[in-house]
Amino acid sequence: MRSAELSALRKPQRLVENRVSFAGPEAELSIYDTYQAASRVGLDADQLLYCGMIQGRKIMHDAHHPGEQIFLPHESFVMAPGEHVEIDFPDATSQSPTTCLTIEISKEKVAKISERLSDLNPIESGLEGWQHSSTILHTHHTTATQHLLARLVSCFTENHPDRDVLVDLGVSELIIRMLRHQERELLLSYCRDAPDSSGITAALNHLEKHLAEPLDIDQLSRVACMSRSRLYAEFKTQTGCSPSELQQQLRLKLASRRLKRGEPVTRVCYDLGFTNPSHFSRRFRDFFGCSPREYHKRGVAGMQ
C-alpha cells in the first residue's frame, strides 16, 4: 500500500483515537490518531498489546504504577491480556495529532517464542524464565526497535506476495526484543536483591553501583571470578549485549529519568560519567531519537 493510500485510510472518522487496523497471522496492527485534547480514554487488552508512540505525548494511568506516566516517542507500553489503562491526550490538535500504533499478538505466539528462547538461551537461575510479565511494562525502546516498528507498518499495509511471512518474522523479532528487554530488567532487579548468587549477578550489581565510573573490564572479571572471554560470553547470553553497551544503556536510561524530573542537562551529563555535553547529546539522540534538551523540555511540560 502506498503512503497516499494509507493516509487516505487514516482520514479521521472520529477525533479521539481514530483507528485503522490491518490483520496478520497471529497479530493485528492498528494506528491511532487523536485530533483533540481528551482525558481518561480507556484501553483494554484482550491479547498481549504492544504500543509504540509515533508522535506527540500521552499520559497513562494504570493500576500498577502510582501517579501518571508520560508516554513519548521511542517508548513502548506493553499490556498483558486482561489489563486496562486510561489515557490523557493533553497536546492533541487537528494540526498536530497524537499518533501511536499498537500490535496485538496472540498468547500462543508469545508462548512459542518464549519456549524457543528458553531452549536456546537459559537465563540465570532464580528468575522466572523467558515469560512475559503479567503486569504492564513501560520502557524506552532502541532505535533498532523503532526501525522494526516502521518496517512492520510497511509489512502489514503493503500488498506483497510474501506479506504474511514478512509480518510473522517481524512480529517474532518484536517479541524477542520485548522479552530480552524484560528479562534484562528482571535480572538487574534480581542482582540488587541477591548480588552474590553468581558471578554474573555480582558483575551486574558492581556495574550498576559504579555506573558513572569508567568501565574496568579487568575489575569486572575479578568481581565475577571469570576470564575476560567468559565474562563477555555470559553478558551476551544473559543480557544480549556487551558490558560497555549495557553500561551506556543504563546511563542513558537513568539520564532520561532525571531529565524527565526536570534536572539540568549539564549536571546529568557529568554526574553519569559522560566526558562532555556534546558526547552526551550524541549518545542520547542515538538512543532516544531527540536531544537531551528536547527531552528535558517534554519532562518539564509534563510536570506542569
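This report concerns the structure included in the present document. Predicted model only: the values in this text are computed from it and were never measured. (Residues numbered from 1 in each chain as written. Predicted model: local features only at pLDDT ≥ 70, side-chain atom pairs only at ≥ 80, totals over all residues. Heavy atoms only, no water.)

**Looking at helix 8 (residues 243–260)**
- An ideal rise of 1.5 Å per residue puts 26 Å on 18 residues; helix 8 measures up with 26 Å between its terminal C-alpha atoms.
- Those residues of helix 8 that sit buried are Pro243, Leu246, Gln247, Gln249, Leu250, Arg251, Leu252, Lys253, Ala255, Ser256, Arg258 and Leu259.
- Remark: Gly262 follows helix 8 within two positions and exhibits a positive phi of approximately 100 degrees. (Helix = DSSP H or I, 4+ residues; strand = E, 2+ residues; numbered from the N terminus. Expected span 1.5 Å × (residues − 1). Buried < 20%, exposed > 50% of the residue type's maximum accessible area, 1.4 Å probe, protein only.)

**Quick look at the sheet that holds strand 8 (residues 84–89)**
- Taken together, four strands build an open sheet; the order of strands is 3-8-5-6 and the sheet is antiparallel. Each edge of the sheet is formed by a strand with only one pairing partner; in this case those strands are strand 3 (38–44) and strand 6 (69–71). Looking at each pair of strands side by side, their axes are set apart by 35 degrees on average, direction ignored.
- Judged from the four bridges that link them, strand 5 (residues 58–62) and strand 8 form a sheet pairing that is antiparallel. When the sheet's bridge partners are listed, Asp62 is paired in strand 8 with Val85. (Pairing = 2+ DSSP bridges. Axes fitted to C-alpha atoms, helices over the stretch in contact; angles between N-to-C directions.)

**As for the pattern of salt bridges**
- Applying the stated rule across the entire model yields 16 salt bridges.
- Notably, a salt bridge pairs Asp91 with Arg57, separated by 2.8 Å at the nearest N-O pair. Taken together, the residues Asp91 in the loop between strand 8 and strand 9 (98–105) and Arg57 in the loop between strand 4 (48–55) and strand 5 connect sequence positions 34 residues apart.
- Judged by relative accessible area, Asp91 falls into the partly exposed class, the value being 37%.
- Measuring nitrogen to oxygen at the nearest pair gives 2.8 Å for the salt bridge that ties Glu263 to Arg258.
- On the accessibility criterion, Glu263 (16% relative accessible area) is buried.
- According to the relative accessible area criterion, Arg258 is buried, its value standing at 12%.
- Salt bridges here are not isolated pairs; linked through shared partners, they connect Arg258, Arg261, Glu263, Arg267 and Asp271. (Salt bridge = Lys/Arg side-chain N within 4 Å of Asp/Glu carboxyl O.)

**Here's the deal with the packing of aromatic side chains**
- Evaluated as defined, the whole model comprises seven aromatic pairs.
- Seen from their ring centres, Phe274 and Phe280 are 4.8 Å apart, and the 45 degrees between their planes marks the pair as tilted.
- Look at Phe274 and you get buried, because its relative accessible area is 5%.
- Given a relative accessible area of 0%, Phe280 falls into the buried group.
- For the pair Phe284 and Tyr295, a centre-to-centre distance of 5.4 Å together with 75 degrees between the ring planes defines the contact as edge-to-face. Remark: Tyr295 occurs in helix 11 (residues 292–303) and Phe284 occurs in helix 10 (residues 277–288); sequence separation between them is 11 residues.
- Given a relative accessible area of 0%, Phe284 falls into the buried group. (Phe/Tyr/Trp six-rings, centres within 6.5 Å; stacked < 30°, edge-to-face > 60°.)

**Section: the packing of helix 6 (residues 217–224) against helix 7 (residues 228–239)**
- Two numbers describe how helix 6 lies on helix 7: the axes approach to 9 Å, and their chain directions differ by 80 degrees. The angle between helix 6 and helix 7 places the two elements in the roughly perpendicular class. Of the residues in helix 7, those touching helix 6 at Ile217, Asp218, Leu220, Ser221 and Ala224 are Arg228, Leu231, Tyr232 and Phe235.
- Here the residues of the contact of helix 6 with helix 7 sort into six nonpolar, one polar and two charged. (Parallel < 35°, antiparallel > 145°, perpendicular 65-115°, else oblique. Contact = heavy atoms within 4.5 Å. Nonpolar A, V, L, I, M, F, W, Y, C, P; charged D, E, K, R; others polar.)

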